[in-house]
Amino acid sequence: MTRDEFNAFCASLKATSHVVQWGNADVWKVGGKVFAICGWNDGKDAFTFKATDLAYEVLQDQAGIRPAPYLASRGMKWLQVYDERGMSDASLSDHIVTSYEMVVAKLTKKMRAELGL
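Rules behind the numbers
Residues numbered from 1 in each chain as written. Predicted model: local features only at pLDDT ≥ 70, side-chain atom pairs only at ≥ 80, totals over all residues. Heavy atoms only, no water. Phe/Tyr/Trp six-rings, centres within 6.5 Å; stacked < 30°, edge-to-face > 60°. Helix = DSSP H or I, 4+ residues; strand = E, 2+ residues; numbered from the N terminus. Buried < 20%, exposed > 50% of the residue type's maximum accessible area, 1.4 Å probe, protein only. Lys NZ or Arg CZ within 6 Å of the ring centre and 35° of its normal. Pairing = 2+ DSSP bridges. Axes fitted to C-alpha atoms, helices over the stretch in contact; angles between N-to-C directions. Contact = heavy atoms within 4.5 Å.

Colleague: How do you make sense of the packing of aromatic side chains when you look at a structure like this?
Modeller: Aromatic ring pairs: the centre-centre distance and the angle between the two ring planes describe each pair. Inspection of the entire model under this criterion finds 2 aromatic pairs. On the numbers, 5.3 Å between centres and 40° between planes, the contact of Phe6 with Phe47 is tilted. In this pair, Phe6 is assigned in helix α1 (residues 3-12) and Phe47 in strand β4 (residues 44-50), connecting sequence segments 41 residues apart. Each member of the pair Phe6 and Phe47 is classed as buried. Ring geometry for Phe35 against Tyr100: centres 5.3 Å apart, planes inclined by 80°, an arrangement best described as edge-to-face. You can see Phe35 sitting in strand β3 (residues 33-41) and its partner Tyr100 sitting in helix α3 (residues 89-106), a full 65 residues away along the chain. With respect to burial, Phe35 and Tyr100 carry one shared label: buried. Over the aromatic face of Tyr82 sits the side chain of Arg66, whose NZ or CZ is 4.4 Å from the ring centroid.

Colleague: Is there a simple way to explain the pairing of strand β6 (residues 78-81) in this structure?
Modeller: One face of the sheet, then the other: side chains in a regular strand alternate in exactly this way. On β6, burial covers both faces: Trp78 and Gln80 on one face and Leu79 and Val81 on the other are all buried. Bridging between β4 and β6 involves 4 bridges; their strand directions are antiparallel. Across the sheet, Thr48 pairs through a bridge with Gln80, a residue of β6. As paired strands, strand β5 (residues 65-67) and β6 are joined by 3 bridges and run antiparallel to one another. By the bridge assignment for β6, Arg66 is matched with Gln80.

Colleague: So what exactly am I meant to see when it comes to the sheet that holds β4 here?
Modeller: Paired through their backbone hydrogen bonds, the strands of a sheet run either parallel or antiparallel. Sheet architecture is open: 6 strands sit in the order β1-β2-β3-β4-β6-β5, paired in antiparallel fashion. Of all strands in the sheet, those bounded by a partner on one side alone are β1 (16-21) and β5. Taking each pair of neighbouring strands and ignoring which way they run, the sheet shows an average axis angle of 25°. Most of the contacts of α3 go to β4, to which it runs at about 40°, and overall it touches β1, β2 (25-30), β3, β4 and β6.

Written out as structure tokens, the structure is:
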């Protein structure tokens, strides 16, 4: 997945917002909460997302995937796909949707209603 494809995919999810921060990273949010990030890793795109407990345990040791720098070190279960062999574009898209859904689920009922979710 390219950065442009990542941004287009995240933009297709309902009620999302995009900011560029943290050293030119594309940061995607829903309800003001981050669900996906595309930043740089040694000059290449790296894709970061919130993971379920099971996905975090299973995927963190696979080639091309690692616990997300900074986020995972703070005890959060975020993964970063930093090499194309880490996972397919379809799988990455599925994990981004799961991350989005996990963040939406933690928003207040009022916020979800305001966002039409």
